[in-house]
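# Chains, contacts and geometry: an overview
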Amino acid sequence: MAVNKNGIVVIGAVFVDIKGFPEDIYIPDGRNAGRIEYIHGGVSRNVVEDIANIELRPTFLGIVDDSALGSEVIHKLQNHKVNTEYMLTIPNGMGTWLAVFDHHGDVAGSISQRPNLMPILDVLEKSGDEIFENADSVVIEVDMDKEIVKKVVNLCEKFKKPLYGVVSNMSIAAERRDFLRKFDCFICNQLEAGMFFSDDYSEKTPEELAEILAGCVKRANIPSMVVTMGGKGAVYADREGIYGVCPAKKVQVKDTTGAGDAFCAGVASGLTYQKTLKEAVEIGTRLAASVITSSENVCPRFLPAELGIDA
């Protein structure tokens, strides 16, 4: 298991996901009968629960509301063996993600309202040394406030901890390009990669995108990067010239929510515990496949050994 008591430290927002599913064929401009679900969400919250579900006992640094729902979020994380001792409880501490799905299980449209995450900076100023010294690695949403990202980068450098970046809002994350040279790996999807490198990759095959990505990370001096391509799988590259393609697993799609977060959790977990980039991407692919076959937005329970992780 994790060498340090805080394991993988995940930093980011908690959201309430409000998800609508149609009973029949989804009509974009019509009134669709269906069902609505309220689920604990947020990229980082999902990632930390996914890591906990592979028995790696991570730590979460985030914020919840001072409400019954906020208490429920913390209670659920604790039940999954997530360390929540550094979490904050404040009014309006959580964001909201409203999404409508089509009959294929894909998101037809969504709107998100982000919470104020700046109180996290106070926790980092007060307890950052303690948190990072006892961490195996750190995962952070790159689109958080610049002051928070800068503080996390500095703490990772100080304690020589691997740093992995995930994305919630790429338009904001693209403004953090100057920090990404400090990240051991940056993970995003195909559309986000196009936004990040100011290009259109929508028509690229995985093989084409892998080669393009290899050139991009080398020129941008980004240590490594992984790009998910939905049903086409994922591609990866590092600045040393290693790149490749990992095909998606063929499974029955029920709900794609959280698949990307589970993928990020798998990649970060693999890299943290000495897997190669290729092996880590394969772990992420397996976790993502386990999510899209159910209506849950996190992966089911795995033992580390099932994923080849010796933590």
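Preceding this section is the structure that the text describes.
### Let's talk about the sheet that holds strand β2 (residues 15–22)
What the 4 strands build is an open sheet, ordered β3-β2-β7-β8; its pairing is mixed. At either end of the open sheet lies a strand with only one pairing partner, and these are β3 (34–41) and β8 (107–113). On average, each strand axis in the sheet is inclined to that of its neighbour by 15 degrees, with strand direction left out of account.

### Quick notes on the pairing of strand β10 (residues 163–166)
The alternating pattern of β10 places Leu163 and Gly165 on one face and Tyr164 and Val166 on the opposite face, and all of these are buried. Examined bridge by bridge, strand β9 (residues 135–141) and β10 share 4 bridges and lie parallel to one another. Within the sheet, the bridge partner assigned to glutamate 141 lies in β10 and is valine 166. Between the parallel pair β9 and β10, the chain is carried across by helix α4 (residues 146–159), and the sense of this crossover is right-handed. With 2 bridges joining them, β10 and strand β11 (residues 185–189) adopt parallel strand pairing. Residue pairing across strands places glycine 165 opposite phenylalanine 186, the latter belonging to β11.

### Remarks on the environment of proline 119
Looking at the element boundaries, proline 119 is found in helix α3 (residues 119–133). The class for proline 119 is buried, based on a relative accessible area of 17%. Through-space distance from the C-alpha of proline 119 to that of glycine 93 is 9.5 Å; in sequence the pair is 26 residues apart. When near neighbours in sequence (up to four residues on either side) are disregarded, proline 119 contacts Ile63, Leu88 and Ile90.

### Structural notes on helix α2 (residues 68–79)
Its 12 residues give α2 an end-to-end C-alpha distance of 16 Å, which sits within 8% of 16 Å, the value for a rise of 1.5 Å per residue. Turning to α2, its buried residues number three or more, namely Gly70, Val73, Ile74 and Leu77. Taken around the axis of α2, the buried residues stretch over an arc of 90 degrees, which confines them to a single face. The elements touched by buried residues of α2 are β3, α1 (43–53), β4 (59–61), β5 (63–64) and β6 (88–89).

### Considerations on the layout of surface pockets
By rolling a water-sized probe across the atoms, one finds the places where empty space is left. For the largest pocket, the calculated volume is near 1600 Å³. Considering the residues around the largest pocket, the lining is formed by 48 residues, among which Asn189, Glu192, Thr256, Gly258 and Gly260 are closest to the centre. Those elements that provide at least two residues to the lining of the largest pocket are β2, α1, β8, α5 (170–173), β11, α6 (190–196), α8 (259–272) and α9 (277–292). For the lining of the largest pocket, the element with the highest residue contribution is α8, accounting for 5 residues. When its residues are assigned to classes, the lining of the largest pocket shows 23 nonpolar, 18 polar and 7 charged. Roughly 180 Å³ of volume is contained in the second largest pocket. Around the second largest pocket, the lining comprises 13 residues; the ones closest to its centre are Gly20, Phe21, Tyr26, Asn32 and Val100. Mapped onto the lining of the second largest pocket, the elements with two or more residues apiece are β2, β3 and β7 (95–101).

### A short note on the environment of phenylalanine 101
With respect to the secondary-structure elements, phenylalanine 101 resides in strand β7. Under the relative-accessibility criterion, phenylalanine 101 is labelled buried at 0%. When the C-alpha atoms of phenylalanine 101 and isoleucine 292 are compared, they prove to be 13 Å apart, with 191 residues separating the residues in sequence.

### Some points on the pattern of salt bridges
Pairing is possible between side chains of opposite charge, provided their charged atoms come close. Enumeration according to the criterion identifies 11 salt bridges in this entry. Here lysine 151 and glutamate 125 are joined by a salt bridge, their closest N and O atoms 3.4 Å apart. With lysine 151 in helix α4 and glutamate 125 in helix α3, this pair connects stretches of sequence that are 26 residues apart. By relative accessible area, which is 22% here, lysine 151 ends up partly exposed. Lysine 182 is the salt-bridge partner of glutamate 157, the closest N and O atoms lying 3.1 Å from each other. With a gap of 25 residues between them, glutamate 157 in helix α4 and lysine 182 in the loop between α5 and β11 connect regions that are remote in the sequence. Note on glutamate 157: relative accessible area 41%, which makes it partly exposed.

### Describing the packing of aromatic side chains
Taken as a whole and judged by the stated rule, the model has 3 aromatic pairs. Here phenylalanine 21 and phenylalanine 101 contribute two aromatic rings whose centre-to-centre distance is 4.9 Å and whose plane-to-plane angle is 15 degrees, an arrangement assigned as stacked. With a gap of 80 residues between them, phenylalanine 21 in strand β2 and phenylalanine 101 in strand β7 connect regions that are remote in the sequence. Here phenylalanine 21 falls in the buried class, since its relative accessible area comes to 9%. For the ring pair phenylalanine 196 and phenylalanine 197, a centre distance of 5.0 Å and an interplane angle of 85 degrees mean the geometry is edge-to-face. When its relative accessible area of 3% is taken as the criterion, phenylalanine 196 is described as buried. Chaining the aromatic ring pairs together yields one cluster made of Phe186, Phe196 and Phe197. Lying across the ring of phenylalanine 21, arginine 35 places its NZ or CZ 4.3 Å from the centre. For the cation-ring pair, arginine 177 lies above phenylalanine 196, with the distance from its terminal atom to the ring centre recorded as 4.5 Å.

Conventions and cut-offs
Residues numbered from 1 in each chain as written. Predicted model: local features only at pLDDT ≥ 70, side-chain atom pairs only at ≥ 80, totals over all residues. Heavy atoms only, no water. Pairing = 2+ DSSP bridges. Helix = DSSP H or I, 4+ residues; strand = E, 2+ residues; numbered from the N terminus. Axes fitted to C-alpha atoms, helices over the stretch in contact; angles between N-to-C directions. Buried < 20%, exposed > 50% of the residue type's maximum accessible area, 1.4 Å probe, protein only. Right-handed = clockwise from strand over helix to strand, strands pointing away. Contact = heavy atoms within 4.5 Å. Expected span 1.5 Å × (residues − 1). Arc of directions from axis to C-beta. 1 Å grid on protein atoms, 1.4 Å probe; cavity = no way out; pocket = protein on both sides within 12 Å on 5 of 7 lines; lining within 4 Å. Points joined across faces, edges and corners; volume = space filled by probe spheres on them. Nonpolar A, V, L, I, M, F, W, Y, C, P; charged D, E, K, R; others polar. Salt bridge = Lys/Arg side-chain N within 4 Å of Asp/Glu carboxyl O. Phe/Tyr/Trp six-rings, centres within 6.5 Å; stacked < 30°, edge-to-face > 60°. Lys NZ or Arg CZ within 6 Å of the ring centre and 35° of its normal.

Fair warning: the whole summary comes from geometry, so function is off the table for now.
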